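Tertiary structure, described
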Amino acid sequence: MTEVSTNALFPETFQGTAADIAGQIGLMWELIKAPLIVPLLRAAVYICLAMELMLFIERLYMGTVIVLVKLFMKKPDERYNWEPMRDDLEIGNGGFPMVLVQIPMFNEKEVYKISIGAACNLSWPSDRLVIQVLDDSTDPLIKDLVEKECLRWANKGINIRYQIRENRGGYKAGALKEGLKRDYVKDCEYVVIFDADFRPEPDFLRRAIPFLVHNSEIALVQGRWRFVNANECLLTRMQEMSLDYHFTVEQEVGSSTHAFFGFNGTGGVWRIAAINEAGGWKDRTTVEDMDLAVRASLKGWKFLYLGDLQVKSELPSTFKAFRFQQHRWSCGPANLFRKMVMEIVRNKRVNIWKKFYVIYSFFFVRKIIAHMVTFFFFCVVLPLSLLVPEVEIPTWGAIYIPCIITTLNSVGTPRSIHLLFYWILFENVMAFQRTKATFIGLLEAKRANEWVVTEKLGDALKNKEKTKQTKKPRGSLFGDRILPQELGFAVFLFFCGCYDVLYGKSHYFLYIFLQVITFTIAGFGYIGTIVPS
């Protein structure tokens, strides 16, 4: 019976010696290709093309709206009530509202002085300002340094408070929530949040607060990030291109047309009453900022983005730090979408159009589809189609539309237009990590609530470069930087590219081999700043 079953499944031609293995594999491939591989791959192509069209329409819509906004819409201070804050001789500083500045920190040895100093130099009456350093550091030495820096500024007459907790429950969201419970905060009307690497200009509050004072429907005023280390390495240049599109287009469109966008977690001023009405800070996902923004929006509050209100910050310049950050930024929104989609659908305080925008455009296309189509189409389906000539991908889907989408994505950073092609290859590599993180968030898998604070280098690297640099031992360098998954994709793409050279007619191998190089560089960790020991 066993013999009959085996012969039925495998023809006699498979019963050869080891020398015939290659031929047997080829024959088996031909047997399963037509009934199984071709239909599955065709279905994958159709799905990817549909997702690509969704992303294309979204980018086209965003591009059209931003052009109309720039040409015809009035500036924020003309659309909303806005008057500068002035000193009043009769009431003194009483005309200025009480403002709380929160600076969450976690072992921020390299940047704590910069952020505390920038907050203490804000141009706002000292008796109407409370600066709160929320230090969750686990290193006693760093905690001591931060506390001493707070005492130094307190001795200069600055109202600064150093706060610690017994544990890091809730991470950043927990620290912010705990900070708002302090007795000395009860008189504050507004809270501005600056992460440890953020450096606001002195006039930040004077430009932002009037929008909240004179427009009772506004809950949040968000500033734009600018990057002090954008020119440090190619990795930071790539990040600048992605984030500039986010701020120049996505945030501007959301603010101008829907009065909704995701809070960026820092560089923004909140009305404390809006935070409380929305239910306060929650730590159910790793994107507590986006969570609060969505809940406040569902309560009817509006947000305002100010593109000319800029805050300096630092981009992660090591590949390891960047990958952890991208995991959190991709996993968190997907997990929040899973938790909130029905709450958004059932909400009765916002109109259908705004619901559609939040669910479809903000979450589904930008936070889920964008990652998946980039990875599956260009790193899996397109290479596999080279092995199966029966499955054709239309030129408009493989070349024309992706080129248009990429061009639209690049409008935020004209100075880096010459890096556009490498940026595409790099984004394809990162799409693998982002897609994996998106599935983890949607399925609420093991790493769904993983929180790794993004490492900041500050001036540490510059200081080390002033001294004699020493290289890390090769052993530790290998262990820290080799990424097997990226290298595995490089091997897979190399095989597909070689097959296309030998048997294909599409000439996609030119793109495939460039993608192999990019995956290999990433796999060996030769991206970004290499920190000397």
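Residues numbered from 1 in each chain as written. Predicted model: local features only at pLDDT ≥ 70, side-chain atom pairs only at ≥ 80, totals over all residues. Heavy atoms only, no water.

**Looking at the packing of helix 14 (residues 420-443) against helix 17 (residues 484-503)**
As a packed pair, helix 14 and helix 17 sit with axes 11 Å apart at the nearest point and diverge in direction by 125°. Classified by the angle their axes make, helix 14 and helix 17 are oblique. Crossing of helix 14 against helix 17: the hand is right-handed. Contacts between helix 14 and helix 17 involve Val-429, Phe-432, Gln-433 and Lys-436 from the first element and Gln-485, Glu-486 and Phe-489 from the second. (Axes fitted to C-alpha atoms, helices over the stretch in contact; angles between N-to-C directions. Helix = DSSP H or I, 4+ residues; strand = E, 2+ residues; numbered from the N terminus. Parallel < 35°, antiparallel > 145°, perpendicular 65-115°, else oblique. Left-handed = near helix turned anticlockwise from the far one by under 90°. Contact = heavy atoms within 4.5 Å.)

**Observations concerning the pattern of salt bridges**
Oppositely charged side chains can form a pair if their charged atoms are brought close together. For the coordinates displayed, the defined rule picks out 18 salt bridges. Where Lys-148 meets Asp-144, a salt bridge forms, and the shortest distance between an N and an O atom there is 3.2 Å. Of this pair, Lys-148 and Asp-144 both sit in helix 5 (residues 140-154), four residues apart, which is roughly one turn of that helix. Owing to a relative accessible area of 33%, Asp-144 belongs among the partly exposed residues under this scheme. Through salt bridges with shared partners, a single ionic network connects Arg-284, Asp-291 and Arg-295. (Salt bridge = Lys/Arg side-chain N within 4 Å of Asp/Glu carboxyl O. Buried < 20%, exposed > 50% of the residue type's maximum accessible area, 1.4 Å probe, protein only.)

**Some details on the pairing of strand 6 (residues 218-227)**
Where burial is concerned, most of strand 6 is hidden: nine out of the ten residues are buried. Here strand 6 runs beside strand 8 (residues 302-313); their pairing, made up of nine bridges, is parallel. Its bridge partner being in strand 8, Leu-220 is matched across the sheet by Phe-303. The pairing of strand 6 with strand 7 (residues 268-271) spans three bridges and is antiparallel. (Pairing = 2+ DSSP bridges.)

**A closer look at the UniProt feature "domain: Glycosyltransferase 2-like" (unreviewed entry) in the protein chain**
Using the residue numbers shown here, the UniProt feature "domain: Glycosyltransferase 2-like" (unreviewed entry) corresponds to residues 190-388. The span residues 190-388 shows a helical share of 59% and a strand share of 16%, and its end C-alpha atoms are spaced 60 Å apart. (UniProt positions renumbered as here; feature names shortened; annotations may be inferred.)

**Focus on the environment of Asn-409**
With respect to the helices and strands, the residue Asn-409 is situated in helix 13 (residues 395-409). Residues Asn-409 and Gln-310, spaced 99 residues apart in sequence, show a C-alpha to C-alpha distance of 21 Å.

**Quick notes on the UniProt feature "transmembrane region" (unreviewed entry) in the protein chain**
Feature annotation in UniProt assigns "transmembrane region" (unreviewed entry) to the following positions: residues 43-69, 356-387, 399-426, 482-502 and 508-531. With 100% helix and 0% strand, residues 356-387 has end C-alpha atoms that lie 40 Å from one another. Counted over residues 399-426, helix gives 64% and strand 0%. Its end C-alpha atoms are 17 Å apart.

**What about the nonpolar core?**
Of all hydrophobic cores here, the largest spans 148 residues; its most connected members are Ile-116, Trp-270 and Phe-303. Per-element accounting of this core gives the leading share, 19 residues, to helix 12 (residues 352-387). (Core = buried A, V, L, I, M, F, W, Y, C linked by side-chain atoms within 4.5 Å.)

**Comments concerning the sheet that holds strand 2 (residues 129-135)**
Pairing in this open sheet of eight strands is mixed, and the strands run 3-2-1-4-7-6-8-5 from one edge to the other. The open sheet has two edge strands, strand 3 (160-164) and strand 5 (199-200), and neither has a second partner. Sitting on the sheet, helix 8 (residues 234-258) touches strand 6 and strand 8, and the angle it makes with strand 6 is about 155°.

**Concerning the packing of aromatic side chains**
For the structure on display, the rule yields 31 aromatic pairs. Between Phe-261 and Tyr-305, the aromatic rings sit 6.3 Å apart at their centres with planes inclined by 75°, giving edge-to-face as the arrangement. Note that Phe-261 is positioned in the loop between helix 8 and strand 7 and Tyr-305 in strand 8, a separation of 44 residues in sequence. In this structure, Phe-261 and Tyr-305 share a single accessibility class: buried. With a centroid separation of 5.8 Å and 70° between ring planes, the pair formed by Trp-270 and Phe-303 is classed as edge-to-face. Of the two residues, Trp-270 is situated in strand 7 and Phe-303 in strand 8; the sequence distance between them amounts to 33 residues. With a relative accessible area of 0%, Trp-270 lands in the buried category. The exposure class of Phe-303 is buried, given its relative accessible area of 0%. In this structure, Lys-156 packs its charged tip against the face of Trp-153, placed 4.4 Å from the ring centre. (Phe/Tyr/Trp six-rings, centres within 6.5 Å; stacked < 30°, edge-to-face > 60°. Lys NZ or Arg CZ within 6 Å of the ring centre and 35° of its normal.)

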